[in-house]
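Architecture at a glance
So you can see what is in the structure, the chains are spelled out below.
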Amino acid sequence: MIRYLSIAFLFILSTVISAQKADSVKASRVFKQWTLSNDYSEEIIVPLDTVFSLFNRYRLTDKYSPFNASLGNYGLPIYQINFFDRITDPDKFLYAHYYPFMFLPDKPLFMNTQVPYTELDWSFAGPRQTSEQTFRVRHSQSVNRYLNFGFIYDIAYSLGQYNYQRSEDKMFMFHSSYTGPKYKLYFAAGVNTLVSYENGGITTKGQLDQVDTRAVPTKLGNLSKATSTLKNKNLLLVQKYTIGGTSSATDSTKTETTGFLGLSGTFSHIFIIESNKRSYSDAYPESGFYDTIFINNTVTFDSLSERSVKNSIRFDFTTDETRKFRLGGGVGIRNENFKYYSIIPVPYLLPANKSLWYRSNNVLVGRLYNNIGDKFRWLATGDLYLTGYRAGDFNLNGEISKSFDWKKGRASWLLNGSMMNRQPSFWYEHWGGNHFTWKNNFSKEFRIDMGSSFSYPARKASLRVNYALIDNYTDFDTLAMPSQHSGGLSVISVLAGKEVKAWKFHLATDALIQKSSNAAVLDLPLATLRTALYFEHLFRFESTGGKLYFQIGADATYHTLYHPYNYLPATGRYYRQDISTGKYPFVNVFINFKVKRTRAFIMFDHLNYKMMGSKISDNYDMIPDYPMNTRMLRYGLSWTFYD
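Described in the following lines is the structure provided in the data block. (Residues numbered from 1 in each chain as written. Predicted model: local features only at pLDDT ≥ 70, side-chain atom pairs only at ≥ 80, totals over all residues. Heavy atoms only, no water.)

Notes on the overall build of the protein chain
Put simply, the test is: The helix count covers DSSP runs of H or I at least four residues long, the strand count covers runs of E at least two residues long, and both are numbered beginning at the N terminus. We compute the radius of gyration over the C-alpha atoms and compare it with the globule rule, which gives 2.2 Å times the number of residues raised to the power 0.38. With a 1.4 Å probe rolled over the protein chains alone, any residue whose accessible area is under 20% of its type maximum counts as buried; one over 50% counts as exposed, and the rest are partly exposed. We call two residues contacting when some pair of their heavy atoms lies within 4.5 Å. Computed with the Shrake-Rupley method and a 1.4 Å probe, the accessible areas treat only the protein chains shown as cover for residues. Note on charges: Lys and Arg go in the positive column, Asp and Glu in the negative column, and His and the chain ends are not counted at all. Where a charge sits is defined by one atom per residue type, namely NZ (Lys), CZ (Arg), CG (Asp) or CD (Glu).
A count of helices and strands for the protein chain gives three helices and 34 strands. Its C-alpha radius of gyration of 26 Å places the protein chain within 12% of the 26 Å reference for a compact globule of 643 residues. By principal-axis analysis of the C-alpha atoms, the protein chain measures approximately 75 × 70 × 45 Å. Taking all 643 residues of the protein chain together, 51% fall into the buried category. Of the contacts made within the protein chain by residues no fewer than 6 positions apart, 65% connect residues no fewer than 24 positions apart. For the protein chain, the accessible surface area stands at approximately 29700 Å², while carbon and sulfur atoms represent 60% of it. Computed over 72 positive and 54 negative side-chain charges, the separation of the two mean positions in the protein chain equals 6 Å.

Looking at the pattern of salt bridges
In plain terms, the rule: By definition here, a salt bridge exists when the distance from a side-chain nitrogen of Lys or Arg to a carboxyl oxygen of Asp or Glu is within 4 Å.
In total, this model carries 33 salt bridges according to the counting rule given. Notably, a salt bridge pairs Asp555 with Arg57, separated by 2.9 Å at the nearest N-O pair. You can see Asp555 sitting in strand β27 (residues 546–559) and its partner Arg57 sitting in the loop between β2 (43–45) and α2 (60–64), a full 498 residues away along the chain. Taking relative accessible area as the criterion, Arg57 reaches 15% and is therefore assigned buried.

As for the nonpolar core
Going by this rule: Nonpolar cores were defined as sets of buried Ala, Val, Leu, Ile, Met, Phe, Trp, Tyr and Cys residues, with membership established by side-chain atoms within 4.5 Å.
Phe83, Tyr473 and Leu522 are the most contacted members of the largest nonpolar core, which has 34 residues in total. Of all the secondary-structure elements, those providing two or more residues to this core are β23 (461–476), β24 (482–502) and β32 (621–623). Those residues in contact with Phe83 that lie beyond four places of it in its chain are Arg447, Ile470, Tyr473, Val491, Gln514, Leu522 and Leu524. Judged by nonpolar contacts, the second largest core, of 27 residues, contains Tyr95, Ile152, Met173 and Ala188.

Considering the sheet that holds strand β5 (residues 110–113)
Inclusion rule: Here, any two strands with at least 2 DSSP bridges between them count as paired. Here the axes come from fitting lines to C-alpha atoms, over the contacting stretch only for helices, and the angles between their N-to-C directions go from 0 to 180 degrees.
In space, the three strands of this open sheet follow the order β2-β1-β5, with antiparallel pairing throughout. Each edge of the open sheet is held by one strand with a lone partner, namely β2 and β5. With direction set aside, neighbouring strand axes in the sheet form an average angle of 35°. By the bridge criterion, four bridges tie strand β1 (residues 31–36) to β5 in an arrangement that is antiparallel. Along β5, the bridge assignment pairs Phe31 with Thr113.

Notes on the environment of Arg377
Within the secondary structure, Arg377 is located in strand β17 (residues 376–388). On the accessibility criterion, Arg377 (17% relative accessible area) is buried. As a C-alpha pair, Arg377 and Leu220 span 157 residues in sequence and 54 Å in three-dimensional space. Contacts of Arg377, omitting those with residues within four sequence positions, involve Glu42, Arg367, Tyr369, Asn370, Asn371, Glu399, Ile400 and Ser401.

Observations regarding the packing of aromatic side chains
Note the threshold: Only Phe, Tyr and Trp rings are paired, with Trp represented by its six-membered ring, and only when their centres lie within 6.5 Å; those with planes under 30 degrees apart are stacked, over 60 edge-to-face, the remainder tilted. Charges are assigned to positions over rings by a cutoff of 6 Å between ring centre and Lys NZ or Arg CZ, combined with an angular limit of 35 degrees from the ring normal.
Counting across every chain of the model gives 53 aromatic pairs. On the basis of an interplanar angle of 45° and a centroid distance of 6.1 Å, the ring pair of Trp503 and Phe505 is categorised as tilted. Taking the centre distance of 5.3 Å and the plane angle of 55° together, the rings of Tyr567 and Tyr574 count as tilted. Per residue, the accessibility class of Tyr567 equals that of Tyr574, and both read buried. Ring-pair connections join several aromatic residues into one group, and the members of that group are Phe93, Phe338, Tyr340, Trp357, Phe426, Trp427, Tyr428, Trp431, Trp438 and Phe476. The side chain of Lys402 reaches across the aromatic face of Phe404, ending 4.7 Å from its centre. Stacked on the ring of Tyr642, the Lys or Arg Arg597 has its end atom at 4.5 Å from the ring centre.

What follows is the structure, given as structure tokens:
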């Protein structure tokens, strides 16, 4: 094992050093990356991912939320352990457990750069027969100072250590932006295909001592060939035209304002189209995994889909952006049209009946904000569903932010709150398949959220507190059927992050404490911890002027006992169950290094496999019957080009 580690380290290091050229990029070559706010009214700067520290935490899921529960193999459906990171939007129901992987209209990414930008990311783990690979290629190029084109292509391909556990995820996004003085256009198109091979979990933990993990029996094996496929296609087009306001003078260092207080107005049109299709196939429905067969006892092929088209027209105004006191707001109308398709099981009737449902909404949207200098801001946004399927739904959000310039840098504090009343997803009320069917009429879910967060990047410290009060909480019960809790439910969580340093030793810790008022309806681990202890050093090569940034350390994740969700392949949903998991640390050891614009890592994943004593050695599952991967060697590389 040490020999393989040494060979891999020397190979990657030699590749990195030999491939580097002089970094001739000048500081004037500006890179700008941004996304759009939830209502698409403003740009939000997103820093480029060039962080070296703890580069071994490379997974997209961990970047979205630091704590996730998975089926053991990367690329399969997950859910966030932190309740306040979970995807609850009714329109995202079909891909809620894949959300961090996907390119979607609500999280577009744009770039503007004076030179072509290319990024390559790659990782590999395990022996060939159970290997895991990830790959990303990204390119962005500006035609002129206003127009940019780019694309991102992500692949997560993992064979899995246990039988029939493969994941094949392919995600692609093409983006373009034109950011002129008056007219702006943002365009993004995404195609996401995520394939999960379903094994239903292992039959018993008593067989985990098998030398070959592929020999461990699973509930859905090769006879079933059970597979879930999710296909998503989406398109976003945002157009803006601004009248009045501030215009540039001949001297670029001066500006002149027009109108009252430099008041400007922006007319916007926002067009979003999205289609989702989920299918589930099983070649052996009578395996005993499912206790009900509604349509066909020879083969299962469930399919359901939805398509949405959303059009918004809005007008936003703002006072002179150069003034210390800045006031702005906006109002608009959004029309939503949905088409749903599903199978309606009729016993002994082949083929099964197919049904279409059409739904629509008209939504009033609004926004109001005030900036005082660059350190204080308050913002209020809201949606009110006037007519249609979700008539009476509303969503009100507010936040107050304040920045502080302290000795070590800027700190920021945010106070936020929201109130919403919304209809649960259409799929909670209608579902049809070979093994499950339901028709419900659920009440609207009412939820109040309050929270506050503090961030001090210079000290690598953060604190986030959230509280939610929910009526008619909706999820899936222990029978994997939709369920709505008619009483009240409250949830509180505290998430703290801090990195401390002593000489060249670092301890970076994220700690989550959370509690639900009703564990029978929503159970959460009381404490979840992710911590890394590492040594960092900078090697300088005087003869060549080169630098090598180096880290070596250990990374551990742990949570207390709780009743996690279980997973149902036929519906692709997580549901409540009564088995506890937890009290098991997952420990990795890693080496990270960076040479110029190349970052790389080597890591032993789950180093403590079978080292925790007989009582807890077999408890390395986050979802019951879905063990996490055993010990494996993992390595990865990120390389950027922009000259």
